[in-house]
Structures are given as C-alpha cells and as structure tokens.
Amino acid sequence: MSKWRHQISLSKTCFFDKLIHNVSMDIHKIKDQKFFTSAELLKLLKISQPTFSRMVKEEKIIKMAYGIYALPSLKIPPEELDFAIACYKFGKNSAISGLSALFHYHLIDQAPSQIWVTASTNTTNNNKLYHLLRTQLSMKHGIESHTHYRISSIERAIIEALKFATKIGPRIAIGAARVALKEGLTTEKKLGDMADKLGLRSTLMKYWESIVVYD
C-alpha cells in the first residue's frame, strides 16, 4: 500500500473510531430502557447501518437475542435474561406466567420448553421460543415487578393456570395449587382473594374440591 493510501486509510479509521466513541458516549444518555431494536438505535443515535454493525462487532453494543440489543453496562443475571427479554418483547403490560411461572415457584418439576407470557389480546407472537397467553384479565393484580422482568405472583400463577387449564393441563394446574398450599407458599384465603380480583371465583370453585383433597 502506498504512503498516500496508508494515510487515507488511517484517516478514515481515526474518523470512524472517533464517531463510534461519540456515539458510545451518547448512548449512555439514554435512560430507563434496557433493550433496543436496531431500528430504535439507528433512530436514537442517528447513525448509519455500517456504524451500527461496527459497534456491534466491537461490542460497544451487545446483541442479546435476534433483533434485540443492549449496552455493555447492562448487568442481568444469566438466569433472568430470558424472562427480561420476553417482557421487553411483549411490552410493559406483559408478564411471565403459565408453566414458566409455576416452574419458577417450584410448583412443577419439569422446566417448560417455551417461555410462557401473559399479554393483552391484541398482542402477536411469531416466535416459537414463546407461548403467549392472550387475556383480557387486568394486569394490575398479582403482577410482581422485579428489576429486569415482571412475573405473576404465586396466587395469580395458580389462578391463571386453572383458567387456562385446557392449555396447561388440569392435572398440572391442580397439582401446582396443591403443592403451594401444602408447602405453605400461599393460603386458601389468598387464592380466593386473587380469584375475586381477577373475576375468576367460579373458575377456582370449579377445581376447589380437587385441590383441597390431598393424596
């Protein structure tokens, strides 16, 4: 390579490195958001696709999952990452639920092959990694907010399992309720109160005799 071409190459590299440095500084000004899509970052940072790709390659932006990115400063325990990404993907009114919540609370023994999420009825899902439970139930009751994700409480997880018994399996739902009561993880009153808040008292009563008659 000629000296002239070498200088041009160095000049371009220095310019690009400076650009990436400035973008890296700007990106840390974005608050209250853990994950981003590539489109969001391109728009927020006003950068080109080549700049974005180079930042990913140099790990100034971290690819967390297909189409989802985060800053290197984001610290999420590995065991919480899948839940955190799921809640980001399906929006602020979603929460981990179903078999995933039951397994999280040690109410079932086998880990589900998909991540189960509850969200509003107009939510779409084209990803086989997730099992979406669309519901009109209020998301104001029995949703626990953790640092990186939201999840149904034990009581809500059980009541939801009974509501979606045809999808989860009646034996699994009933068994989870039995375990929770037997291990003292909840009480009959708490389950009743949650069922009332969700408008599912009749659903709880449908399975109640099977739940309270232990083997």
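Quick caveat, the model's predicted, so the values are computed rather than measured.

### What about the overall build of the chain?
Here's step 1: Within the chain one finds 10 helices and 7 strands.
Here's step 2: When burial is assessed residue by residue, the chain has 40% of its 215 residues classed as buried.
Here's step 3: Intrachain contacts of the chain at a sequence separation of at least 6 include 57% that bridge at least 24 residues.
Here's step 4: Accessible area of the chain: about 13100 Å², with a carbon and sulfur share of 53%.

### A short note on the environment of serine 73
Here's step 1: By the secondary structure assignment, serine 73 is in the loop between β2 (68-70) and α4 (78-90).
Here's step 2: The exposure class of serine 73 is partly exposed, given its relative accessible area of 43%.

### Some words on the side chain of serine 97
Here's step 1: Within the secondary structure, serine 97 is located in the loop between β3 (95-96) and α5 (98-104).
Here's step 2: A distance of 2.6 Å separates polar atoms of two side chains, one belonging to serine 97 and the other to threonine 118.
Here's step 3: Ignoring any residue separated from it by four or fewer positions in sequence, one finds serine 97 in contact with Trp116, Val117, Thr118, Leu133, Ser152 and Glu160.

### Section: the packing of helix α6 (residues 154-163) against helix α8 (residues 170-182)
Here's step 1: Packing of α6 against α8 leaves a shortest axis separation of 8 Å and a crossing angle of 155°. With respect to their mutual orientation, α6 and α8 come out roughly antiparallel. Judged by the sense of rotation from one axis to the other, the crossing of α6 with α8 is left-handed. Listed contacts from α8 to Ile154, Ile158, Ala161 and Leu162 of α6 are Ala173, Ile174, Ala176, Ala177 and Ala180.
Here's step 2: Class assignment for the residues of the contact of α6 with α8 results in 9 nonpolar, no polar and no charged.

### Examining the packing of α6 against helix α10 (residues 201-212)
Here's step 1: Where α6 contacts α10, the axes come no closer than 9 Å and their chain directions differ by 100°. Taken together, the axis directions place α6 and α10 in an arrangement best described as roughly perpendicular. Contacts between α6 and α10 involve Ile159, Leu162 and Lys163 from the former and Thr203, Leu204, Tyr207 and Ile211 from the latter.
Here's step 2: Counted by class, the contact of α6 with α10 contains 5 nonpolar, 1 polar and 1 charged residues.

### Quick word on the confidence of the model for the chain
Do not read the fine detail of predicted coordinates wherever pLDDT is low.
Here's step 1: Residue-level pLDDT values for the chain average 86, and 84% of them are 70 or greater.
Here's step 2: Element-level pLDDT for the chain is lowest in helix α1 (residues 3-27), with a mean of 50, against a maximum mean of 98 in α5.

### Thoughts on the layout of surface pockets
Here's step 1: Considered as a void within the structure, the largest pocket measures approximately 620 Å³ in volume.
Here's step 2: Taken together, 27 residues line the largest pocket, and the ones lying closest to its centre are Asp82, Phe83, Ile85, Ile115 and Tyr130.
Here's step 3: Mapped onto the lining of the largest pocket, the elements with two or more residues apiece are β1 (62-65), α4 and α5.
Here's step 4: With 9 residues, the top contributor of residues to the lining of the largest pocket is α4.

### Some details on the pairing of strand β4 (residues 115-120)
Here's step 1: Of all 6 residues that make up β4, 5 are buried, and the element is covered over most of its length.
Here's step 2: As judged from the 2 bridges shared by β3 and β4, these two strands associate in the antiparallel manner. Bridge pairing in β4 links alanine 95 to threonine 118.

### Describing the packing of aromatic side chains
Here's step 1: Enumeration over the complete set of coordinates arrives at 4 aromatic pairs.
Here's step 2: Seen from their ring centres, phenylalanine 35 and tyrosine 88 are 5.6 Å apart, and the 55° between their planes marks the pair as tilted. Within this pair, whereas phenylalanine 35 is found in the loop between α1 and α2 (38-45), its partner tyrosine 88 is found in helix α4, the two being separated by 53 residues in sequence.
Here's step 3: Assessed through its relative accessible area of 2%, phenylalanine 35 is described here as buried.
Here's step 4: Tyrosine 88 gets classed as partly exposed once you look at its relative accessible area, which sits at 24%.
Here's step 5: Measuring from ring centre to ring centre gives 5.0 Å for phenylalanine 52 and tyrosine 69, while their planes differ by 80°; the resulting arrangement is edge-to-face.

Calculation criteria
Residues numbered from 1 in each chain as written. Predicted model: local features only at pLDDT ≥ 70, side-chain atom pairs only at ≥ 80, totals over all residues. Heavy atoms only, no water. Helix = DSSP H or I, 4+ residues; strand = E, 2+ residues; numbered from the N terminus. Buried < 20%, exposed > 50% of the residue type's maximum accessible area, 1.4 Å probe, protein only. Contact = heavy atoms within 4.5 Å. Areas by Shrake-Rupley, 256 points an atom, 1.4 Å probe, with all protein chains shown as cover. Polar contact = N/O pair within 3.5 Å; in protein donor to acceptor, adjacent residues only side chain to side chain. Axes fitted to C-alpha atoms, helices over the stretch in contact; angles between N-to-C directions. Parallel < 35°, antiparallel > 145°, perpendicular 65-115°, else oblique. Left-handed = near helix turned anticlockwise from the far one by under 90°. Nonpolar A, V, L, I, M, F, W, Y, C, P; charged D, E, K, R; others polar. pLDDT = per-residue confidence, 0-100. 1 Å grid on protein atoms, 1.4 Å probe; cavity = no way out; pocket = protein on both sides within 12 Å on 5 of 7 lines; lining within 4 Å. Points joined across faces, edges and corners; volume = space filled by probe spheres on them. Pairing = 2+ DSSP bridges. Phe/Tyr/Trp six-rings, centres within 6.5 Å; stacked < 30°, edge-to-face > 60°.

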